[in-house]
Amino acid sequence: MNKQTDTIESDLISHLSELRKRLIYVAGWFLASLCVGLYAAPKILTFVKGHLGAIEVEWSVFALSDGIAVYMKCALLVGIILTLPFLMYHLWAFARPGMTDAEAKSTLVYVPTSSLLFVSGVLFGYTVALPMMIRFMIKLNQSMGAQEVYGIQHYMSFLISFLLPMGVAFEMPLVMTFLTRIGMLTPGKMKQVRKFAYVGLAVVGTLISPPDFVSHLSVTVPLILLFEISAFISARYYRRKFAVQTT
């Protein structure tokens, strides 16, 4: 009994040491990415200010700390984007000893795919949804006769708080495939929740887009298409998995 307990404790310590080592690697990579973000922040901010469609917004600074706060937020966003694939790889590497060669090979594709989907969501939000929202807000403010003075810190906070959820939303295909892989999602369950998913995506599209019909469609339709693509991939994976199990 003591020998078995010692073995379990030894394995636990070994796993914790491995996890600690990989977390240190990820933290070091994040700090390096943060430095890259700080270096690139001026160019990124200049690009954002001049390439948001045909919208021209003048930024103002209301406090001495606004500049450094915006630099840090911009660097943080760059750090997150650059660290995501590195983090996903080390999560995969940590779980690798408990997987078969086939499982390891099939799950390794999650690493680049998750990063690609996240970046695609951010780009979609920046190029499609965000200009519509800003254009609507500017028109609304002008209709009230308000003087347009936009604080750079609040502007960037709004930008990041909008783009990050869009990046997370585009991880839907990966999440649904993973749930199918572990048996929590099947084509039958997909049919049951489809109508509720449509309603939920329509609500999300309404909340993150300006209150006009065209803007709603421009955001909601891509989200629904993304859900259907995710459902197709999930169902195909389930059928292939079921066929392998029955042979």
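Coordinates for the structure precede this section.
Quick notes on the rules
- Residues numbered from 1 in each chain as written.
- Predicted model: local features only at pLDDT ≥ 70, side-chain atom pairs only at ≥ 80, totals over all residues.
- Heavy atoms only, no water.
- Helix = DSSP H or I, 4+ residues; strand = E, 2+ residues; numbered from the N terminus.
- Buried < 20%, exposed > 50% of the residue type's maximum accessible area, 1.4 Å probe, protein only.
- Contact = heavy atoms within 4.5 Å.
- Areas by Shrake-Rupley, 256 points an atom, 1.4 Å probe, with all protein chains shown as cover.
- Axes fitted to C-alpha atoms, helices over the stretch in contact; angles between N-to-C directions.
- Parallel < 35°, antiparallel > 145°, perpendicular 65-115°, else oblique.
- Left-handed = near helix turned anticlockwise from the far one by under 90°.
- Nonpolar A, V, L, I, M, F, W, Y, C, P; charged D, E, K, R; others polar.
- Core = buried A, V, L, I, M, F, W, Y, C linked by side-chain atoms within 4.5 Å.
- Phe/Tyr/Trp six-rings, centres within 6.5 Å; stacked < 30°, edge-to-face > 60°.
- Polar contact = N/O pair within 3.5 Å; in protein donor to acceptor, adjacent residues only side chain to side chain.
- Expected span 1.5 Å × (residues − 1).
- Bend = angle between axes of the 7 residues up to and from the residue.
- Salt bridge = Lys/Arg side-chain N within 4 Å of Asp/Glu carboxyl O.

### Describing the overall build of the chain
(1) Moving on: Helices and strands together make up the secondary structure of the chain, namely eight helices and two strands.
(2) Moving on: What you see in the chain, going N to C, is helices and strands ordered as α-β-α-α-α-β-α-α-α-α.
(3) Moving on: Within the chain, the fraction of its 247 residues that count as buried is 34%.
(4) Moving on: In the chain, the share of contacts with a sequence separation of at least 24, taken over all contacts with a separation of at least 6, comes to 81%.
(5) Moving on: Looking at the chain as shown, the accessible area adds up to about 15200 Å², and 71% of this sits on carbon and sulfur atoms.

### Side note on the packing of helix H4 (residues 110-143) against helix H5 (residues 152-169)
(1) Moving on: Close contact between H4 and H5 brings their axes to 8 Å; oriented N to C, the two are set at 135°. Looking at the two axes, H4 sits oblique to H5. Considering how the two elements wind past one another, H4 and H5 form a crossing that is right-handed. Mapping the contact onto sequence places Leu117, Phe118, Gly121, Val122, Phe124, Gly125, Tyr126, Ala129, Leu130, Met133, Ile134 and Met137 in H4 and Tyr155, Phe158, Leu159, Phe162, Leu163, Leu164, Met166, Gly167 and Val168 in H5.
(2) Moving on: Split into classes, the residues belonging to the contact of H4 with H5 amount to 18 nonpolar, three polar and no charged.

### Examining the nonpolar core
(1) Moving on: Counting residues in hydrophobic clusters, the biggest one holds 37 residues, and the most contacted among them are Trp59, Met156, Phe162, Met176 and Phe227.
(2) Moving on: When residues of this core are traced back to their parent elements, those giving at least two are helix H1 (2-50), helix H2 (66-95), H4, H5, helix H6 (172-181), helix H7 (187-207) and helix H8 (213-246).
(3) Moving on: Other than its neighbours up to four places away in sequence, Phe227 contacts Met172, Met176, Met190, Arg194, Ala197, Tyr198 and Leu201.
(4) Moving on: Among the nonpolar cores identified, the runner-up in size contains five residues, and Trp92, Ala93, Met99 and Ala104 belong to it.

### Thoughts on the environment of Leu87
(1) Moving on: Along the chain, Leu87 turns up in helix H2.
(2) Moving on: In this structure, the C-alpha to C-alpha distance between Leu87 and Val26, residues 61 residues apart in sequence, is 6.0 Å.

### Regarding the packing of aromatic side chains
(1) Moving on: Within the structure shown, the criterion is met by four aromatic pairs.
(2) Moving on: Both rings, one in Phe124 and one in Phe170, keep their centres 5.6 Å apart while their planes meet at 35°; by these two values the pair is tilted. With Phe124 in helix H4 and Phe170 in the loop between H5 and H6, the pair connects residues that are 46 residues apart, well separated along the chain. As far as burial versus exposure is concerned, Phe124 and Phe170 are alike and both buried.

### Things to note about the side chain of Ser114
(1) Moving on: Turning to its location among the elements, Ser114 is positioned in helix H4.
(2) Moving on: The exposure class of Ser114 is buried, given its relative accessible area of 2%.
(3) Moving on: Among the polar contacts made by the side chain of Ser114, one reaches the main-chain carbonyl oxygen of Val111 at a distance of 2.9 Å.
(4) Moving on: Setting aside its immediate chain neighbours within four residues, Ser114 contacts Leu84, Met88, Glu171 and Leu174.

### Examining H2
One turn of an α-helix holds 3.6 residues; hence residues three or four places apart share an orientation.
(1) Moving on: With 30 residues, H2 extends 42 Å from end C-alpha to end C-alpha; this agrees with the ideal 44 Å at 1.5 Å per step.
(2) Moving on: Remark: the principal bend of H2, roughly 35°, maps to Thr83, with a proline, Pro85, within the next four residues.

### A word on the packing of H4 against H6
(1) Moving on: Where H4 meets H6, the closest approach of the two axes is 10 Å, and the angle between their N-to-C directions is 145°. On the side of H4, the interface is formed by Tyr110, Thr113, Ser114 and Leu117, while H6 contributes Pro173, Leu174, Thr177, Phe178 and Arg181.

### A closer look at the pattern of salt bridges
(1) Moving on: Counted by the stated rule, this structure contains three salt bridges.
(2) Moving on: Ionic pairing is found between Glu18 and Lys21, a salt bridge with its closest N-O pair at 3.4 Å. Of this pair, Glu18 and Lys21 both sit in helix H1, three residues apart, which is roughly one turn of the helix.
(3) Moving on: The class for Glu18 is partly exposed, based on a relative accessible area of 23%.
(4) Moving on: For Lys21, a relative accessible area of 35% gives the class partly exposed.
(5) Moving on: Taking the shortest distance from any N to any O, the salt bridge between Glu18 and Arg22 comes out at 2.7 Å. Of the two residues, Glu18 and Arg22 are both situated in helix H1; the distance of four residues between them amounts to about one turn of the helix.
(6) Moving on: Residue classification places Arg22 among the buried positions, given a relative accessible area of 16%.
(7) Moving on: Within the structure, one salt-bridge network assembled from shared partners comprises Glu18, Lys21 and Arg22.

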